[in-house]
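In case you want the letters, here they are:
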Amino acid sequence: FPGLLCRSSDCFNFEDCCFKIQKSKESTARVVAYRELSIVNAFTLEASFCGADFGPLAEQHFTTRHLEEMGYMLCDAILDYCDPDQTKVMQVVRELQQ
């Protein structure tokens, strides 16, 4: 899923994702959802009002418009992830395997 989100967003960087469970994160909702409810795809999306440190929005503060656009991109990625036509998902999987 983060790979799909990265494709549709100028302010989400897959390289900054961390998929390890750190000791300090063991009580977070995503870890509890994974461990106790067996929800494999539980993620945390963190936002900064300070802005991005890469891409076309580097060195700019995020505005409410930027955050709203990120919400739209998140929903778009969810739709791609749940689409019966898994072409986009498989494309990302192939890219990650290389």
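Each value, and the rule that gives it
- Residues numbered from 1 in each chain as written.
- Predicted model: local features only at pLDDT ≥ 70, side-chain atom pairs only at ≥ 80, totals over all residues.
- Heavy atoms only, no water.
- Helix = DSSP H or I, 4+ residues; strand = E, 2+ residues; numbered from the N terminus.
- Buried < 20%, exposed > 50% of the residue type's maximum accessible area, 1.4 Å probe, protein only.
- Polar contact = N/O pair within 3.5 Å; in protein donor to acceptor, adjacent residues only side chain to side chain.
- Contact = heavy atoms within 4.5 Å.
- Phe/Tyr/Trp six-rings, centres within 6.5 Å; stacked < 30°, edge-to-face > 60°.

S.K.: Which residues make up unusual backbone geometry, and what values go with them?
M.R.: Of note in the backbone geometry, Ser38 takes a positive phi value of approximately 60° without being a glycine. Note on placement: Ser38 falls in the loop between helix H2 (29-37) and helix H3 (64-82). Among the residues examined, Ser38 registers a relative accessible area of 57% and is labelled exposed. Positive phi is not limited to glycine here, since Glu59 has a value of about 65°. Here Glu59 is to be found in the loop between H2 and H3. Residue class for Glu59 comes out exposed when judged on its relative accessible area of 73%.

S.K.: So what about the side chain of Ser9? Which residues, and what values?
M.R.: Positionally, Ser9 belongs in the loop between helix H1 (2-8) and H2. At 3.2 Å, the side chain of Ser9 and the backbone nitrogen of Phe12 are in polar contact. Those residues in contact with Ser9, other than ones at most four positions away along the chain, are Met70 and Met73.

S.K.: An account of the packing of aromatic side chains is requested, with residue identities and associated values reported.
M.R.: Considering all chains together, one arrives at three aromatic pairs under this definition. Judged by centre distance (5.9 Å) and plane angle (25°), the rings of Phe1 and Phe43 are stacked. Here Phe1 is found in the segment before H1, whereas its partner Phe43 is found in the loop between H2 and H3, with 42 residues between them in sequence. Accessibility expressed as a relative area gives 22% for Phe1, which makes it partly exposed. The interplanar angle of 90° and the centroid separation of 6.0 Å between the aromatic rings of Phe1 and Tyr81 together place this pair among those described as edge-to-face. Of the two residues, Phe1 sits in the segment before H1 while Tyr81 sits in helix H3, which places them 80 residues apart along the sequence.

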